[in-house]
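Inside the fold
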Amino acid sequence: MNAPAWGTHRPYPVATRWYERLDLENGVTRFWEPHVHPLEQANFWHIRGRDRDLLIDSGMGIVPLRPSFPDLFSDKEVIALATHTHIDHIGAIHEFEQRWVHGAEAHQMAHPSGVTTLVCADIHPQLAGLFVEAGYPPFDELLIDAMPYEGYDPRQYRLRGAEPTHLVSDQDIIDLGDRRFEIIQLPGHSPGSICIWEETTATLYSGDLIYDGPLVYEGPGMDLDIYAQSLRRLKAMPIQTVHAGHDPSFDRARLIEIVDTYLRRWNKDN
Ligand SMILES: [Zn+2]
């Protein structure tokens with residue numbers, strides 16, 4: 001029998017575990033939260049370095065992240081970097097001493113606005129309509145389809161803001177001792193959206209600029225002309241692997257396909 005579609009379980013079951021984790025080669029771990037609505041079900045990435053580790057995004061913050069993975073978050077310094085400040089990317093960033101974000105979203109990280117609860121009725125109906133039109137499942141009662149533990153009250157959840165401790169800019173280098181990452185500012189999905197580029201592995205951590213699912217490009221802080229420009233820049237980079245903010249990772253051929261599809265859809269392909 002097929003599993004029921006997302007969000008149709010009632011009453012809400014208690015999840016056996018909240019986070020899923022996939023250890024990839026090269027010291028990279030992917031995390032995601034399977035019981036979060038697909039729109040807000042982000043990937044976030046832990047990368048081991050010799051001197052310090054890098055955490056790219058941090059999920060919704062429904063369950064504390066750090067204590068969930070003591071083998072990854074030990075005494076070593078961790079730079080928690082946000083690709084942008086939507087709810088599904090900064091939820092647990094307050095748990096970390098090093099909280100980095102692009103300057104254009106510093107205020108938003110400290111004082112989040114927009115979607116900041118798990119209650120679907122709090123999403124503006126017009127915005128919810130755009131998401132469904134883009135291809136996401138309808139919004140029911142909550143942005144989760146299971147409870148993280150017995151007695152959890154999803155109505156008490158609030159996205160917790162955190163003051164950034166460092167502001168990044170385009171072309172900044174993050175040095176983990178034995179590997180280096182470059183910040184590339186690629187706005188459009190949000191004003192301070194960044195991607196993180198590892199040249200030696202030709203890997204791009206793309207945040208929400210590009211992923212292999214319905215891109216969200218209409219909403220507060222989004223700009224189609226700028227988005228198209230950023231997508232064109234991706235095509236010019238020697239990217240071989242994209243570890244994206246949502247959905248499975250993909251290769252260069254798929255990257256070109258996705259970029260071309262959207263540029264055509266927006267009439268910005270010439
Ligand atoms: Zn986003």
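Rules used in this analysis
Note on numbering: residues in each chain are counted from 1, in written sequence order. Residues qualify for local features only when their pLDDT is at least 70, as the model is predicted, and side-chain atom pairs are given and counted only at 80 or more; totals for whole chains, interfaces and linings, by contrast, use all residues. As a rule here, side-chain values come from all non-hydrogen atoms in the structure, and water together with hydrogens is ignored. UniProt positions are given in the numbering used here, feature names are shortened, and annotations may be inferred rather than shown by experiment. Every helix listed is a DSSP run of H or I at least four residues long, and every strand listed is a run of E at least two residues long, numbered separately from the N terminus. Here the globule rule reads 2.2 Å times residues to the power 0.38, and the radius of gyration is calculated from C-alpha atoms. Type-normalised accessible area, obtained with a 1.4 Å probe on protein chains alone, sets the label of each residue: buried when under 20%, exposed when over 50%, and partly exposed for intermediate values. The contact rule is simple, with two residues in contact once any of their heavy atoms fall within 4.5 Å. Each accessible area value is a Shrake-Rupley result obtained with a 1.4 Å probe; residue values ignore everything except the protein chains displayed when judging cover. Positive residues here are Lys and Arg, negative ones are Asp and Glu, while His and the chain termini are left out of the count. In plain terms, the charge of a residue is placed at NZ if it is Lys, CZ if Arg, CG if Asp and CD if Glu. Any two strands are treated as partners once DSSP identifies two or more bridges connecting them. Only nitrogen, oxygen and sulfur atoms qualify as donors, and only when within 2.8 Å of the metal (3.2 Å in the case of Na, K and Ca); with water excluded, sites may look incomplete. Tetrahedral means four donors with every angle between 85 and 135 degrees, whereas square planar (four donors) and octahedral (six donors) require angles over 155 degrees between opposite donors and between 65 and 115 for all others; sites fitting neither are termed irregular. The directions considered for the arc are those from the helix axis to the C-beta atoms. Think of a nonpolar core as a cluster: buried Ala, Val, Leu, Ile, Met, Phe, Trp, Tyr and Cys residues, connected wherever their side-chain atoms sit within 4.5 Å. Planes of paired rings set the category: under 30 degrees apart is stacked, over 60 is edge-to-face and the rest tilted, where pairs are Phe, Tyr or Trp rings (Trp by its six-membered ring) whose centres lie within 6.5 Å.

The chain carries the name MBL fold metallo-hydrolase in an unreviewed UniProt entry, which gives Silvimonas amylolytica as its organism. Note on the chain: under the UniProt heading Sequence similarities (unreviewed entry), the record states "Belongs to the metallo-beta-lactamase superfamily. Class-B beta-lactamase family."

**Focus: the overall build of the chain**
A count of helices and strands for the chain gives five helices and 13 strands. Taken over the C-alpha trace, the chain has a radius of gyration of 18 Å; the compact-globule value for 270 residues is 18 Å, and the two agree within 12%. If one aligns the C-alpha atoms of the chain with their principal axes, the spans along those axes are about 50 × 50 × 40 Å. Within the chain, the fraction of its 270 residues that count as buried is 52%. Considering only contacts within the chain whose residues lie at least 6 apart along the sequence, 65% involve residues at least 24 apart. As displayed, the chain has an accessible area near 12,200 Å², and 49% of this comes from carbon and sulfur atoms. Taking the 23 positively charged and 40 negatively charged side chains of the chain as two groups, their mean positions are separated by 2 Å.

**As for the sheet that holds strand β13 (residues 250–251)**
Here six strands make up an open sheet; going across it, the order is β8-β9-β10-β11-β12-β13 and the pairing mixed. The open sheet has two edge strands with one neighbour each: β8 (173–175) and β13. In the sheet, strand β9 (residues 180–185) pairs with strand β10 (residues 194–198) via four bridges, with the strands oriented antiparallel. Bridge pairing in β10 links Gln185 to Ile194.

**Digging into the UniProt feature "domain: Metallo-beta-lactamase" (unreviewed entry) in the chain**
The feature "domain: Metallo-beta-lactamase" (unreviewed entry), as annotated in UniProt, sits at residues 41–246 in this numbering. Across residues 41–246, helical content stands at 16% and strand content at 21%; the span's end C-alpha atoms are separated by 7 Å.

**A short note on the coordination of the zinc ion**
Protein coordination at the zinc ion comes from His84 (NE2), His86 (ND1), His189 (NE2) and Asp208 (OD), with a distance range of 2.2 Å. Coordination at the zinc ion is irregular: its four donor atoms span angles of 87 to 176 degrees at the metal. For the zinc ion, all donor residues lie on one chain, and their spacing in sequence is H-x1-H-x102-H-x18-D. Placement of His84 in the loop between β5 (78–81) and α1 (87–90) and of Asp208 in the loop between β11 (203–207) and α4 (224–236) is noted, with a sequence separation of 124 residues between them. Note on Asp208: relative accessible area 3%, which makes it buried.

**Observations regarding helix α3 (residues 125–134)**
Count 3.6 residues to each turn of an α-helix, and residues three or four apart come out pointing the same way. Taken together, the buried positions of α3 are Leu127, Ala128 and Phe131. Mapping the buried residues of α3 onto a view down its axis gives an arc of 100 degrees, with all of them on the same face. Among the exposed residues of α3, those oriented more than 90 degrees off its buried face are Pro125, Gln126 and Glu133.

**With respect to the nonpolar core**
Ile62, Leu65, Phe73, Ile144, Ile210, Leu231 and Leu234 are the most contacted members of the largest nonpolar core, which totals 73 residues. The leading source of residues in this core is helix α5 (residues 252–265), at five residues. Setting aside anything within four residues of it in sequence, one finds Leu234 in contact with Leu186, Leu204, Leu209, Ile210, Ile239 and Leu255. Leu54, Ile56, Leu81 and Ile196 belong to the second largest nonpolar core, which has 16 residues in total.

**So, the packing of aromatic side chains**
On inspection of all chains with the given rule, the structure shows 14 aromatic pairs. Considering the side-chain rings of Tyr19 and Phe44, the 6.0 Å spacing of their centres and the 80 degrees angle between planes classify their relative orientation as edge-to-face. Remark: Phe44 occurs in strand β3 (residues 44–47) and Tyr19 occurs in the segment before β1 (20–23); sequence separation between them is 25 residues. One exposure class covers both Tyr19 and Phe44, and it is buried.

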